[in-house]
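# Chain and residue survey
Residue strings, one per chain:
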Amino acid sequence: RVADPASGLLTFSHKEPYKTKNGDFALNFYGRCQLPHPANIQMEDGNGQVVIQVCQRDDDKFSLDFRAPLNAFQAFGFA
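Treat the numbers as computed from the prediction; the structure is a model and nothing was measured.

Below, the discussion takes up the pairing of strand 8 (residues 61–66). One ladder, built from 6 bridges, connects strand 7 (residues 50–58) with strand 8; its direction is antiparallel. Note on strand 8: the bridge partner recorded for Gln56 is Phe62. As consecutive antiparallel partners, strand 7 and strand 8 are separated by 2 residues.

As structure tokens, then:
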């Protein structure tokens, strides 16, 4: 979503977690995330599509997934 068409700035928002059967909050990382961690995050555009997600896969390994309109430089800057 373009916040200001003249400047070309884009806005994203945190994806809201859903509540599981046992009362915990969770996000669907589509099998990419194995460990719960406070740094696990998903950002979505104005259409509700996830444009970037960062999640912990192991004790010292994280996963960074992104899509257009972000490029690799922007995604690593965010992470």
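Right, let's get into the side chain of Ser63. On the secondary structure map, Ser63 appears in strand 8. Beyond its immediate sequence surroundings of up to four residues, Ser63 is in contact with Arg32, Gln53, Val54, Cys55 and Arg57.

Among the structural elements, Gln49 can be located in the loop between strand 6 (41–44) and strand 7. In this structure, the C-alpha to C-alpha distance between Gln49 and Pro38, residues 11 residues apart in sequence, is 21 Å. Sequence-distant contacts of Gln49, defined by excluding residues within four places in its chain, comprise Met43, Glu44 and Arg67. A polar side-chain atom of Gln49 sits 3.4 Å from a polar atom in the side chain of Arg67.

The strand order across the open sheet formed by 4 strands is 3-6-7-8, and the pairing between neighbours is antiparallel. This sheet does not close on itself; its edge strands, each paired only once, are strand 3 (13–14) and strand 8.

Once that is clear, we can look at the pairing of strand 7. Judged by how many residues are buried, strand 7 sits mostly within the fold: 7 of 9 residues are covered. Direction of pairing for strand 6 relative to strand 7: antiparallel, over a ladder of 4 bridges. Within strand 7, the position partnered with Gln42 by the bridge is Gln53. Taking the residues between adjacent antiparallel strands as the criterion, strand 6 and strand 7 are bridged by 5 residues, where Gly48 takes a positive phi near 85°.

Right, let's get into the side chain of Asp45. Counting through the fold element by element, Asp45 comes out in the loop between strand 6 and strand 7. There is no salt bridge for the buried Asp45, and the closest opposite charge comes from Arg67, which lies 6.4 Å off by N-O distance. In this structure the side chain of Asp45 is engaged in a polar contact, spanning 2.9 Å, whose partner is the backbone nitrogen of Asn47.

Core analysis: the biggest nonpolar cluster contains 7 residues, these being Ile41, Met43, Val51, Ile52, Val54, Leu70 and Ala75. Sorting the residues of this core by element identifies strand 6 and strand 7 as the ones contributing at least two each. The biggest single contributor to this core is strand 7, with 3 residues. For Met43, the contacting residues outside a window of four places in its chain are Phe12, Ser13, His14, Gln49, Val50, Val51, Ile52 and Phe78.

Parameters at a glance
Numbers given to residues run from 1 along each chain, matching the order in which its sequence is written. With the structure being a predicted model, the display of local features is reserved for residues of pLDDT at least 70 and the display and counting of side-chain atom pairs for 80 or more, all residues being used for whole-chain, interface and lining totals. With hydrogens and water set aside, each side-chain value is computed from the structure's full complement of heavy atoms. Being paired, for any two strands, means DSSP has found at least two bridges between them. Going along the chain from the N terminus, every DSSP run of H or I of four or more residues is numbered as a helix, and every run of E of two or more is numbered as a strand. The criterion used for residue contact is that any of the two residues' heavy atoms lie within 4.5 Å. Between N or O atoms, a polar contact is any pair within 3.5 Å; within protein, one atom must be a potential hydrogen donor and the other a potential acceptor, and residues adjacent in sequence are included only when both atoms are from side chains. Residue burial is assigned from relative accessible area. The probe radius is 1.4 Å, only protein chains are included, and a residue is buried under 20% of its type maximum, exposed over 50%, and partly exposed in between. When charges are counted, Lys and Arg are positive and Asp and Glu negative, with His and the chain ends excluded. Within this document, salt bridges are pairs made up of a side-chain nitrogen of Lys or Arg and a carboxyl oxygen of Asp or Glu, the two lying within 4 Å of each other. Only buried residues count toward a nonpolar core. Its members are Ala, Val, Leu, Ile, Met, Phe, Trp, Tyr and Cys residues joined through side-chain atoms within 4.5 Å.

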